[in-house]
Amino acid sequence: MQTRRIGDAQVSAIGLGGMPMSIEGRPDEARSIATVHAALDAGITFFDTADAYSLGGPEVGHNETLIARAVASWGGDTSDVLIATKGGHLRPGDGSWTLDGRPEYLKQAADASLKRLGVDVIGLYQFHRPDPQVDYADSVGAIRDLLDAGKIRYAGISNANPEQIKLADEILGGRLVSVQNQFSPAFRSSEPELELCDEMGIAFLPWSPFGGIQRAAELGNRFAPFAEIAADKGVSPHVLTLAWMLAKSPVVVPIPGASRPETIQDSATAVDVKLTAEEMARLDAA
């Protein structure tokens, strides 16, 4: 497994997104734990979760608890594992997703995440999504306070635009280490954010790299060049997609979601796929 940098930490170039293991349609816990163990077996050391990854209501933090328990129960050395979580997005329990970017809430949420993860310091804490009812600077200010207090090792933001990235880095005193935005063959509008992260040396973490849970299986059918080049190289269109992302910039660390061991094992092989300039041009134009 190749590595890339988040802050001053070296993590696997491919991460694992935990959301599919905790929201609607999730598998039983045994399969989820097997999926995390398969990721660790493949050399994956970066795991992305959030307190909102649950069915809502009293289940808040379901995925954080699950990821923490799965990593702790693996038989190998986990000292280099970095678990990232997020706060500011909520699931009330009626199937909806809501927002709360108030500084006081974010600090409470981080304290709760600390307990569920069973750590003294959260590896990477990210403001999940801007709340239009709260000044963005105030929300990021809460993340800065958590960083200053030593409750989080690294600070990141998610679902941010270029102006918010620059503002967040300013508020954090140059300590912004990651931006987690949606990016996939079907969703290219985060290209400006990816390019800015490349310029600033900030990790860019694409979420839903296959286009979302409901449409991931259709990736090859929807984007022919990804299927054609994947077939030429003897890999799945999904592996080819991750390889394309990795080739776009050394700051990119894709976090494909998975809920089956074989899925994350397949994704991990993307680090071995090499793409030519011509192939990259075909994929970029797809």
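Residues numbered from 1 in each chain as written. Predicted model: local features only at pLDDT ≥ 70, side-chain atom pairs only at ≥ 80, totals over all residues. Heavy atoms only, no water.

The protein has the name Aryl-alcohol dehydrogenase-like predicted oxidoreductase in an unreviewed UniProt entry, where Kutzneria kofuensis is given as its organism.

Caption draft 1: Broad picture of the sheet that holds strand β5 (residues 82-87). The strand order across the open sheet built from seven strands is β3-β4-β5-β8-β9-β10-β11, with neighbouring strands paired in parallel fashion. Edge positions in the open sheet fall to β3 (16-17) and β11 (203-207), since each of these has one partner strand only. The pairing of β5 with strand β8 (residues 122-127) spans four bridges and is classified as parallel. Across the sheet, residue Ala 84 finds its bridge partner in β8, namely Leu 124. Along the sheet face, helix α3 (residues 103-117) touches β5 and β8 and points at about 145 degrees away from the line of β8. (Pairing = 2+ DSSP bridges. Helix = DSSP H or I, 4+ residues; strand = E, 2+ residues; numbered from the N terminus. Contact = heavy atoms within 4.5 Å. Axes fitted to C-alpha atoms, helices over the stretch in contact; angles between N-to-C directions.)

Caption draft 2: Layout of the packing of aromatic side chains. Enumeration over the complete set of coordinates arrives at five aromatic pairs. Ring geometry for Phe 127 versus Tyr 136: centroids 5.8 Å apart, planes at 45 degrees, classification tilted. Neither residue differs from the other here; Phe 127 and Tyr 136 are each classed as buried. Geometrically, the ring pair formed by Phe 183 and Trp 244 is stacked, given 5.6 Å between the ring centres and 15 degrees between the ring planes. A residue pair is termed long-range when its members are at least 10 positions apart, and Phe 183 in the loop between β10 (176-182) and α6 (191-200) and Trp 244 in helix α9 (residues 237-248) qualify at 61 residues. Joined through ring pairs, the aromatic side chains of Phe 183, Phe 204, Phe 223, Phe 226 and Trp 244 make up one cluster. (Phe/Tyr/Trp six-rings, centres within 6.5 Å; stacked < 30°, edge-to-face > 60°. Buried < 20%, exposed > 50% of the residue type's maximum accessible area, 1.4 Å probe, protein only.)

Caption draft 3: Main features of α3. Between its first and last C-alpha, α3 extends 21 Å over 15 residues, near the 21 Å set by a 1.5 Å rise per residue. Turning to α3, its buried residues number three or more, namely Tyr 105, Leu 106, Ala 109, Ala 110, Ser 113, Leu 114, Arg 116 and Leu 117. On the buried face of α3, the contacting elements are α2 (62-72), β5, β6 (89-90), β8 and α4 (136-148). Within two residues after α3, Gly 118 carries a phi angle of roughly 70 degrees, on the positive side. (Expected span 1.5 Å × (residues − 1).)

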